[in-house]
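Survey of secondary and tertiary structure
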2 protein chains.
Amino acid sequence: MSTVEGLGERKIIEIIWENLDKTSDMPVPFGDDVSAVKLESAKLAVLKTDMLVGCTDIPPRMSYWQAARKAIVMNVSDFAAKGVKPQGIIVSLGIPRSLSKKAVEQIGKGLNAGAREYGTFVLGGDTNEARDLIISIAVFGLAKKENLVLRSGAVIGDIVATTGLFGLASAGLKILTEGLGASQKIGRKLLDAALMPKARLREGLVLAKTGAVTASIDSSDGLAWSLHEISRASNVGFMIDAPPIALETYEFAKMHNIDPFELSFYGGEEYELVVTVDPKHWRNVQAKVSHQGGRLIKIGQVMGDKKILLKERGQVAEIEARGYEHLGYDGGRDS
Amino acid sequence: MSTVEGLGERKIIEIIWENLDKTSDMPVPFGDDVSAVKLESAKLAVLKTDMLVGCTDIPPRMSYWQAARKAIVMNVSDFAAKGVKPQGIIVSLGIPRSLSKKAVEQIGKGLNAGAREYGTFVLGGDTNEARDLIISIAVFGLAKKENLVLRSGAVIGDIVATTGLFGLASAGLKILTEGLGASQKIGRKLLDAALMPKARLREGLVLAKTGAVTASIDSSDGLAWSLHEISRASNVGFMIDAPPIALETYEFAKMHNIDPFELSFYGGEEYELVVTVDPKHWRNVQAKVSHQGGRLIKIGQVMGDKKILLKERGQVAEIEARGYEHLGYDGGRDS
């Protein structure tokens, strides 16, 4: 009997999807970052659920407070990618018997901190017994259909951009899980990226409002994967000529003889947004994000050829369709 | 260090609640069956999330299809209690590596069957790796605030009623988990109650529309617990003089020398609604439920004295505040 081991979570989602009846009125396609229900008022109710699982998603040294906050960030990040403000959060917990009462308090405080950080509240939830600690979050929000930025709108000639530089969280996770060292100077920043990820909600809301963003996704499964997802949904390719790699990533990579490109493109657990922007409005869009205290970094261009290429020092190489995936062949970070 | 073992899930929810900031605009109090967000249109977005956990919530002989369907039923049942029609479901799965591909298909089909049974669709979701099978569901719906039946409105003199008789699911679970026998005649019915629970959505929607239901809750933690919850939220007591025990419960209890009252009041995993109804409208309310193919069974009355009493053959006994609870002192059924 074949098990899901090696199948990968995306294939699992596909199997589920194949077995579902489809409603004719689905404003957001299955598999995009959020789901939605059309309301009478021509607005959409936007919904997202994702869970944090203790044994796979909580690295060593991450506190319960940080884990609970991260569970919220993971979900808010998808709202950010679609440009939707979260208006309420509900939580379903799976609690192991061995968990301390203190840990439950920390989880409560972490959930609250995550919700408040993004301007919303935890409104309710349920608790169950489980072997793993499970923090399952559902987020609710409202959007106008025309403002919701799907994965599927990228057009040839669009600029590809990210809201930040990559590789920090991956490097931080290597410090936490593999015990790799880092100088004090960059160590704090790398650990922070892994333990205290930030959802780019402010950026996402501004970006959606400009009307010039044609596709958007977060990068929780890795930058390479995000590019491949937009490519698949929009039926386009990318030429990446300015890979968004943080200086600290280069430094950490050099210290440990790791490929900085590997850390930045295939790492996952990054929460920068990856967007495509109509070039006519690029300067305006970039200025608006800056005005909100964020940044938008041009990393390449959308092309018709459905490949995802990296151009560096005149050399062109293909960016692979892999990234962080639970239950995948490589078993992800947690195998 | 004190662990949550023996704390009980309600205490855990309380600890979480104590650590949350509260929004001033909370149309449904924390701890009621669902949560809600006020919309501009004076409507409420109603939300519910709860998870089914493999190791504690799936009895032997329950198929993956049934488990996935039950995960939906558990959540829809809370919508039923509040009189809200589900308008969309999202799912977050925790999948163990050892799970078969076939099982994933069955889960997909079971989720779909549950959603379709209650007139809605599964719109999206996410998958993760976990040690247990976790099926975490979030349901969305809309309601007018004045139609939402909370736990807190029961008034002295109201009639207490249920949408069905009790003890069948508890007996069925005893067959499944303890290997107790039953005659063929009743065995099928008891197993059905445990494996194919039904949410009383039709009844709940009709009840809410009458405007004469003052409080409502489902009975997934047991009839006794439901009564205590309404008692606590409404600050009233109950005199139960017609305990809603199924004939098959009596028969099974007699066969195994078990207390039928224990099976019916403290069992849990029943999905009948427990409601209080304005006596002036009782006949009308009952007729409307009948008209929908359901039934409403009078089991007692609301009283001012904040006790929950059972009157049987002239004897009066107190109904205890216990029921099915994860992580509780008695460890629930799954300890």
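Starting afresh in each chain, residues are numbered from 1 along the sequence in its written order. For naming, the first written chain is A and the first written ligand is 1, with later ones following in the order written. A pLDDT threshold of at least 70 governs which residues receive local features in this predicted model, and a stricter bar of 80 or more applies before side-chain atom pairs are shown or counted, although totals over entire chains, interfaces and linings include all residues.

**Some details on the relation of the copies chain B and chain A**
These two copies of the chain differ by a rotation about an axis and a displacement along the same axis. Rotating chain B by 180° and translating it 0.0 Å along the rotation axis places it on chain A, where the RMSD comes to 0.0 Å. The two molecules are tied by a two-fold rotation axis, judged by turn and shift. A high fraction, 100%, of the interface residues of chain B reappear at the interface in chain A, so the copies pair face to face through one surface. The copies were overlaid with a least-squares fit restricted to C-alpha atoms from residues scoring a pLDDT of at least 70 in each copy. Distance between backbone-placed C-beta atoms decides contact: two residues are in contact if it is within 7 Å.

**Digging into the domain arrangement of chain A**
Residues and elements named next belong to chain A. Split by domain assignment, chain A resolves into domain 1 (32-147) and domain 2 (159-334). Relative to domain 2, the C-alpha centre of domain 1 lies at a distance of 23 Å. Listed by partner, the interface residues are 21 residues for domain 1 and 24 residues for domain 2. Secondary structure elements are defined from DSSP: runs of H or I of at least 4 residues count as helices, runs of E of at least 2 residues count as strands, and each element is numbered from the N terminus. Counting residues per element, the side of domain 1 that touches domain 2 draws most heavily on helix 3 (residues 64-82), which supplies 11 residues. Here the term charged refers only to Asp, Glu, Lys and Arg, the term nonpolar to Ala, Val, Leu, Ile, Met, Phe, Trp, Tyr, Cys and Pro, and the term polar to all other amino acids, Gly among them. Of the residues in the side of domain 1 that touches domain 2, the class split is 10 nonpolar, five polar and six charged. Domain start and stop points were drawn from an automatic or database domain assignment.

**Focus on the environment of Glu 178 of chain B**
Residue and element names in this part refer to chain B. Relative to the helices and strands, Glu 178 is located in helix 5 (residues 168-178). Exposure criterion: with C-beta atoms placed from backbone coordinates, a residue whose C-beta has 20 or more other C-beta atoms within 10 Å is buried, one with 12 or fewer is exposed, and one in between is partly exposed. A residue is classified by how many C-beta atoms lie within 10 Å of it, and Glu 178, with 9 of them, is exposed. When the C-alpha positions of Glu 178 and Met 26 are compared, they lie 43 Å apart, and in sequence the two are 152 residues distant.

**Some details on the environment of His 281 of chain A**
All names here are of chain A. With respect to the helices, strands and loops of the structure, His 281 is situated in the loop between strand 9 (273-277) and helix 11 (282-291). Its 15 C-beta neighbours within 10 Å are what place His 281 among the partly exposed residues. The spacing of His 281 and Ala 212 is 69 residues in sequence and 6.4 Å in space, taken between C-alpha atoms. Leave out the neighbours within four places in its chain, and His 281 touches Thr 210 and Ala 212.

**Concerning the nonpolar core**
A set of buried residues qualifies as a nonpolar core if it consists of Ala, Val, Leu, Ile, Met, Phe, Trp, Tyr and Cys joined through C-beta atoms within 7 Å. Formed by 221 residues in total, the largest nonpolar core has its most connected members in Ile 135 of chain A together with Ile 135 of chain B. Once residues within four sequence positions are removed from consideration, Ile 135 of chain B is found in contact with Met 51, Leu 52, Ala 67, Ala 68, Ala 71, Val 91, Leu 93 and Ile 107 of chain B.

**Details of the sheet that holds strand 2 (residues 43-53) of chain B**
Remark on secondary structure: sheet strands pair via backbone hydrogen bonds, oriented parallel or antiparallel. Residues and elements named next belong to chain B. Taken in spatial order, the five strands make up an open sheet running 1-2-5-3-4, and their pairing is mixed. For this open sheet the edge positions go to strand 1 (35-38) and strand 4 (122-129), each flanked by a neighbour on one side alone. Here the strands of the sheet are splayed against their neighbours by 20° on average, with no regard to which way each runs. Two strands pair if DSSP finds at least two bridges between them. Sheet topology places strand 3 (residues 86-95) next to strand 5 (residues 134-144); eight bridges connect them, and they run antiparallel. Directly across from Val 91, in strand 5, lies its bridge partner Ile 137. Docked against the sheet, helix 4 (residues 101-117) engages strand 3, strand 4 and strand 5, running at close to 145° with respect to strand 4. A fitted line through C-alpha atoms represents every axis, and for helices the fit uses only the stretch in contact; the resulting angles, taken between N-to-C directions, go from 0 to 180 degrees.

**A closer look at the interface of chain B and chain A**
The interface is formed by 66 residues belonging to chain B together with 66 residues belonging to chain A. Where the side of chain B that touches chain A is concerned, the elements lending two or more residues are helix 1 (9-18), strand 1, strand 2, helix 2 (54-57), strand 3, helix 4, strand 4 and strand 5 of chain B. A total of nine residues in the side of chain B that touches chain A trace back to one element, the largest contributor, which is helix 4 of chain B. Each residue belonging to the side of chain B that touches chain A can be placed in one class, and the counts come to 29 nonpolar, 22 polar and 15 charged.

**Focus: helix 9 (residues 247-256) of chain A**
All names here are of chain A. Of the residues making up helix 9, those classed as buried are Glu 248, Thr 249, Phe 252 and Ala 253. Across the axial projection of helix 9, the buried residues extend over an arc of 130°, all falling on one side. Contacts from the buried residues of helix 9 go to helix 5 (168-178), helix 6 (184-195) and helix 10 (260-265). Summarising the geometry, the arc corresponds to the directions from the helix axis toward the C-beta atoms.

**Remarks on the packing of helix 5 of chain A against helix 6 of chain A**
Residue and element names in this part refer to chain A. Remark: helix 5 packs on helix 6, axes separated minimally by 7 Å, with the N-to-C direction vectors making an angle of 100°. Regarding the angle of helix 5 to helix 6, the classification is roughly perpendicular. For the pair helix 5 and helix 6, the contacting residues are Leu 168, Ala 169, Ala 171, Gly 172, Leu 173, Ile 175 and Leu 176 in the first and Gly 187, Lys 189, Leu 190, Leu 191, Ala 193 and Ala 194 in the second. Residue composition of the contact of helix 5 with helix 6, by class: 10 nonpolar, two polar and one charged. Should an angle lie under 35 degrees it is considered roughly parallel, over 145 roughly antiparallel, and from 65 to 115 roughly perpendicular; all remaining angles are considered oblique.

**Re the confidence of the model for chain A**
When pLDDT drops low, the exact placement of atoms in the prediction is not to be read closely. All names here are of chain A. As a per-residue measure, pLDDT reflects the predictor's confidence and takes values from 0 up to 100. Confidence in the prediction for chain A averages 93 pLDDT; 96% of positions are at 70 or higher. The low-confidence segment residues 329-335, where pLDDT is below 50, has nine contacts with residues more than four positions distant or belonging to other chains. Here the predicted complex carries an ipTM of 0.93, next to a pTM of 0.94.

**Thoughts on the sheet that holds strand 4 (residues 122-129) of chain A**
All names here are of chain A. In space, the five strands of this open sheet follow the order 1-2-5-3-4, with mixed pairing throughout. The strands lining the two open edges of the sheet, one partner per strand, are strand 1 (35-38) and strand 4. For this sheet, the mean inter-axis angle between neighbouring strands, taken without regard to orientation, is 20°. Sheet analysis places strand 3 (residues 86-95) next to strand 4, joined by seven bridges and oriented parallel. Considered in strand 4, the bridge of Ile 95 is made with Glu 129.

**Structural notes on the pairing of strand 1 of chain B**
All names here are of chain B. Of the pairings in the sheet, the one linking strand 1 to strand 2 comprises four bridges and is antiparallel in character. Looking at the pairing, Ala 36 lines up with Val 46 of strand 2. Here strand 1 folds back onto strand 2 in antiparallel fashion, the turn holding four residues, of which Ala 42 has a positive phi close to 70°.

**Some remarks on the environment of Ala 42 of chain A**
Relative to the helices and strands, Ala 42 of chain A resides in the loop between strand 1 and strand 2 (43-53). The spacing of Ala 42 of chain A and Gly 167 of chain A is 125 residues in sequence and 40 Å in space, taken between C-alpha atoms.

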